[in-house]
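Listed below are the residues making up each chain.
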Amino acid sequence: MNFKLKIWRQPNQKTAGEFHDYAASNIPAEASFLEMLDIVNEGLAEGNEDPIAFDSDCREGICGMCSLVINGIPHGPGKAKTTCQLYMRRFQDGDTIWIEPFRAAPFPVVKDLVVDRSAFDRIIESGGYITARTGSAPEANSVPIGKPIADLAMEAAACIGCGACVAACPNSSAMLFVGAKVSHLGLLPQGQPERKSRAHNMVRAMDELGFGNCTNHYECEAVCPAEINRTFISRLNREYRKAAVREAVAVTVDE
Amino acid sequence: MALATVPPTRVKRFSANPFIAFYQSSIGKKIIVAVSGLYLIFFVTGHLLGNLEIYLGQDHLNAYANLLQQLGPILWAERIILLSAVVVHIVATIQLTIENQAAKPKKYAVSKPQSSTLASRTMIYTGLLVICFVVYHLLQFTLMWTNPEYRNLHDELGRHDVYHMVILGFRQPLISLFYAAAIFFLATHLSHGFESVTQTLGINNRRIGRFISNGGRWLSWLIFAGYVSIPITILLGLIK
Amino acid sequence: MNTQLDSKVPAGALEEKWTKHRAESKLVNPNNKRKFDIIVVGSGLAGASAAASLAEMGYGVKCFCFQDSPRRAHSIAAQGGINAAKNYQNDGDSVYRLFYDTIKGGDFRSREANVYRLAEVSANIIDQCVAQGVPFAREYGGLLANRSFGGAQVSRTFYARGQTGQQLLLGAYQALAQQIAVGGVKMFPRTELLDIVIVDGHAKGIVVRDLLSGEISSHAGDTVVLATGGYGNVFYLSTNARGCNVSATYRAYKRGAFFANPCYTQIHPTCIPVGGTYQSKLTLMSESLRNDGRVWVPKNKGDNRPPSQIPDSDRDYYLERKYPSFGNLAPRDIASRSAKEVCDEGRGVGPGGLGVYLDFAEAIGRLGEKTIRERYGNLFDIYHNITGEDAYHLPMRIYPAVHYTMGGLWVDYNLMSNVPGLHVLGEANFSDHGANRLGASALMQGLADGYFVIPSTIANYLATQLGKKVSVDRPEFNATENEVRKTVAKLLSIKGKRTATSFHRELGLLLWEKCGMARSRESLQEALQKIPSLREEFWQNLNLQGGDMELNQSLEQAGRVADFLEFAELMCLDALEREESCGGHFRVEYQTKEGEAVRDDADFCHVAAWQCTGTDSKPVRNVEPLVFENVKLATRSYK
C-alpha cells in the first residue's frame, strides 16, 4: 500500500514546527501504524535525513508510551486501542494521513511527535496512591471486598496513562485520568483514610499544572484505549465536592 | 548546550481561604456554574409555564402578571438572585473558557470530534447569544424602553395588559423570528447543559446516565416548543 | 571453585535460612540511613518496589529509567498472574510445594536457598499489594480469587483480569510516586544508564545520558542496584518491549560483574507469527488456547491450499501424533520445538512458512461457537485486530517466540554481584528460575527482590561503607564519562549505510536460527563465527542520523544494538559450553529418542558465571556448583 503522510516535525520544544510531506511506499497491509513509521524512518535514514521521533515501547497496547493524533483522532480510528494496535489495513491505498503530536499546554512537544507527559506523574505524586509502608500490610484476606466493588475498581485501574484523554479534550482536561485514579483508590476500603485528601490534592495538582476544565464533551471516553467510563468523572466531581465542603468547614474527622 | 526541554511544573494558584480556593479550582467553579445553571433551568421552565397562561386568555395572563408585581420585596429578592445567578454563570464560564483555551494553545490541523456535539462545543456562544437576547427581551417587555407605547396598555380591570403587549410584540414577523432563533440557541444550550449539571454535581451514574442525557434533550426541546408556540399561534392569528 | 563465587547462603535448615539470615544481618541505624545514597536503575516491579521500600526506610534514593515515566516499565505487559503460597484454595499448597515446583520447573538449575526464600515471601507480596489497592480478582464473598496457571496442580495464582503485571506495577509505581513526593526518591525518567563506575573495586556510581537533552553526567552513590530486566531483545523479535535491552547488565559485566547462564532463554509456544521483515514485535497469545485448539500443519511440503480445503487425511496433528497422552497440551518447550521442526521441514504455514495452525473447528463443532467465544473471545479479538483473520472460521496461526530470559548477572544470597556494592534484582539477575521459569513467577520474583529481599540484605553491604562516601570528583567518574563520550562520538562518526535496526534484525535472525529453540554444536559455532564479523561491520558501516545533544532515538538504539552484538557472543558461548539440555536450553545432541531433553547432572549441575577479560579475549567460565540438600534431582517425563 502507498500513503501520503503529513507529519508534524519540530526540532525541539523551543523551535516552531511545521508539517512535512512524506511518501510511505510499499507498506504491507499487515504492518502496524508504528511499523509503517519504522519503514518510513529507515528510508529517511538511508537518504541521510533525520528520522521522525515518536514514542513507543511495548507495542502491545498496555504501556501507554505510544501517542500520536492520526487524522484528528488520538490513537487513530477505531475504538479501545492504542496507536501501536492500529493496523494499516484500516486505511485505503493512497490515503493522505495527517500525523500530529498530542496537543495540550501541559504536554509540551519535545521533538517531532514526542511529547512530555510528566505532568501525569506529578498528579499521581500529589495523591494517587495508598500509603502502605512495605512490610506493614495486614493479611490480604482480612479485608473482604465485594466483587462488584472490586470489579469496578479494576475497571478504573485499567487506565494506561497514555494521555489520549487530554489530547482529545478540546480543553486539555485531565479529568478522566484523575477520575479513574481517584475512583480506583476511593472505591476500595484500603483507600478510605486518604480518600478526601487524595481527591482534593489531585485536583489541585491537575489545575496547577495547567490542564483545562472538563466541559463534558466525553471526547476522552471515546478515544480511551482502556475504555475508562465517563461516570468516573462524575464520581470525581462528587468526591471533590465532598472534600471541598469538609475543607471549608474544617472537619477532618467524623465525630 | 542543546535546547533543554522544560517540563510543566505546578504554578501555585490556590488561596489559603477554602472558599476562594473552591472557586479557583476547576471543579469548584464548574459546580458553581452547574448550580446557577440548574437555577436558571428552573427559572426558564417556570417562566414558560407562566407564559403559557396566554392560552387561558387575557384575564388569566394579566392576573398572573399582576400577582407577580404585587409580590413586591419577594419579587425583588427573586430578581436579585436571578441576576446573581446570571452574572456568576457568565463570569465563571468565561473564566473557564479562557483557561480552556490556554490549555489548548495549538489546535489540530485535522479535527474529528468523536463524541462531542455541536451543542457541547458551542456552549459559550449559545450562552452569549442568549444573554444578548435576554437584554433585548428585558428592554422590550419588562422595561419597555424599545416600545414605550406598551406602558399604556391596560385591561378592563386597570391592570397592565400583558396579553395584548405580547400579541402586539409578536405580530411583527421579524421580532418573532428573532425570538424563535434565540429560543433555539437556548434549547441547544440546555440540551447539553442539563446533562452537564448532573455530571458536574456528581449525580450522573451508569444507571441513570442515558435517561438523564435523553431526558435533558427532551426537556430542552419541549421548552423550545413551548416558547416558540406563542409567536407562531399569534402570527397564525389563533390568538387575538 | 572460584573464591569470588561465594553464594553466602546461610547455614542451617532450608526453612530457617531466611529468618536466620535476617536475624544475623547487619543493620544500619536510622540516623545513618539518611547518609546513604542508593542508585536504583530501572523502575519495573523490582526497581520501583526497591526504590520505594528503601526510601521508606530512610535511605536517599535516586531512581533512573529510560521510559518517559516509571509507570511504563515492561513489567506492565505481564498478563497471567502472580504466584503465592497462600493456600487459600485449601488444595494442599505450601511454601515447600511452591519452592519444589519452582526448582523442578527450573530443571534443577537454580539455588535451593534463593528459591525457598522466594516461596516464603510470596505470601507477603500479596498482602503488600492488596494494601496498596491492587484490585485483584475476588470471589462473590469478597475474598481473593485464585486460578491454576501454567500447568500447576494447585490454584495459587492471583490475578487482575489479564492485566496483573500492569496492576502490580502501578501499585509499585504509586508507592514510588509517594516517595518522590516526600523527597525520599529523586526520579530521573528518560535517562539511560551508559556505564557503571567502579571505585576501588566497588560499584559507586553510574554514568547516564539524559535522553532529552543528550547530556551525559555522572551520579555517585554508596551502592548501585540494577533492576534493568532481561535480554530477550537480543533476538530482535520477542515479546519484550522495544526498549528492553541488555546494556546495563552488559556494561556491568564489562566492569567485572559475572554474567550467569546467559544461554537460558524461554520461548513461548503460542505467539502470533512473524508477518514480514517490517515486524517490530511479537505478541503473546494466552497458552490457555491450547486447551481447545488442535495444532496441525499439512502433511506434505508445499501444500498451499487454504486450510479449509486440506482434508483431515492430509493434515498432520503432530503433537497428538508424537505425544499421544499430552497431545496439544505438551509442555512449552516441547510444543515450541515441535513447531520449529515441522517448519524446518518446509511444512509451516503463513508468510515465510513460519507458523502452524491452531484449529478451533473441532472445538466449535463440539461446544458451539458461543462457548468458544465466551472462553477466548478477547484473544480472538486481539488475533483479529493484528492479523485481520477471523479465527472462528479460519484456524489461527501461531509460532513460538522469545519472551523471558532466566540468565542474568550472578548474585549471592544478598542479591549482590561479585562486584561489591553492585546489587541486581528481578529478571536482570539469574537467581531464582534456573533453566526455565514457571508461569506467574516473574512478577513474584521481581516484587520479592524489591519489597522484601533487598531492603534487608542491602545493609550487609552498606554497614561496611560508613564514612566511605565517594563523590563524582573522583577521577574514576571522569574517566568512565570520557569512555562513554568516546563511544557516543564514535557511533555518530561512522556515517555508514546500514541502520542499527538492520544490524539488529540480522543478529536476531541469526540467533533465532542458531541459538534459539534448538541449538547444536555446529549452529553455535557458526553463530560464534558470524557475530564478530557482523559486529565489525556495525562499527564500520552504521548509518546514524542526528546529533548527540538532542533527543536522538537512533542513537539510543545504536548503543543498545552495539551491546547486543557483543552480548550475543557470550550467550552463544555459554550455550556451546553447556553440553546438556535443560529447561530453555535445548541442545540437539542431548535428547532422548522421543525428543526429550537430557540433563547432565554429573557435569553441569552448576551455574556458569562468565567473567569478562577484555573486549577481544575469551571470557572465563567460572562455576558455582549447585548443591541440592532438600530435593532429589528428577527427570521430567510426559509419558
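Residues numbered from 1 in each chain as written. Chains lettered and ligands numbered in written order. Predicted model: local features only at pLDDT ≥ 70, side-chain atom pairs only at ≥ 80, totals over all residues. Heavy atoms only, no water.

Asks: What should I look at first to understand the sheet that holds strand β8 (residues 216-220) of chain C in this one?
Replies: By way of backbone hydrogen bonds, the strands of a sheet pair with one another, either parallel or antiparallel. Residue and element names in this part refer to chain C. Sheet architecture is open: three strands sit in the order β6-β7-β8, paired in antiparallel fashion. Every interior strand has two partners, whereas the edge strands, β6 (191-199) and β8, have only one. Here the strands of the sheet are splayed against their neighbours by 30° on average, with no regard to which way each runs. Two strands pair when backbone bridges link them, and strand β7 (residues 202-210) and β8 are joined in this way by five bridges, in the antiparallel orientation. By the bridge assignment, V207 is partnered in β8 with S218. (Pairing = 2+ DSSP bridges. Helix = DSSP H or I, 4+ residues; strand = E, 2+ residues; numbered from the N terminus. Axes fitted to C-alpha atoms, helices over the stretch in contact; angles between N-to-C directions.)

Asks: Is there a simple way to explain the interface of chain A and chain C in this structure?
Replies: Note on interface size: it is often stated as the accessible area lost on association of the parts. With 74 residues of chain A in contact, the opposing surface of chain C contributes 73 residues. Both faces considered, chain A and chain C share a buried interface measuring about 6,000 Å² in area, 50% of it formed by carbon and sulfur atoms. On the chain A side of the contact with chain C, A:D57, A:T134 and A:M154 bury the most area, a combined 11% of that side's loss. At the surface where chain A touches chain C, the tally comes to six salt bridges. A salt bridge links C:K86 to A:E139; the shortest N-O distance between them is 2.9 Å. For the pair chain A and chain C, the interface holds 45 residue pairs in polar contact (both at pLDDT 80 or more). Taken together, the elements giving at least two residues each to the side of chain A that touches chain C come down to α1 (33-46), β6 (109-111), β7 (114-115), α2 (118-125), α3 (147-157) and α5 (175-187) of chain A. Classifying every residue of the side of chain A that touches chain C by side-chain character gives 38 nonpolar, 14 polar and 22 charged. (Contact = heavy atoms within 4.5 Å. Buried area = accessible area lost by both parts, 1.4 Å probe. Salt bridge = Lys/Arg side-chain N within 4 Å of Asp/Glu carboxyl O. Polar contact = N/O pair within 3.5 Å; in protein donor to acceptor, adjacent residues only side chain to side chain. Nonpolar A, V, L, I, M, F, W, Y, C, P; charged D, E, K, R; others polar.)

Asks: Is there a simple way to think about the sheet that holds strand β3 (residues 69-70) of chain A in this case?
Replies: Residue and element names in this part refer to chain A. Ordered by their spatial adjacency, five strands build an open sheet running β2-β1-β5-β3-β4, and the pairing between neighbours is mixed. Across the chains shown, the open sheet's two edge strands, defined by having one partner strand only, are β2 (18-24) and β4 (73-74). Pairing of β3 with strand β5 (residues 96-100) involves two bridges; the strand directions are antiparallel. Along β5, the bridge assignment pairs I70 with I99. Its contacts with the sheet place α1 against β1 (3-9), β2, β3 and β5, and it is angled at close to 80° to β1.

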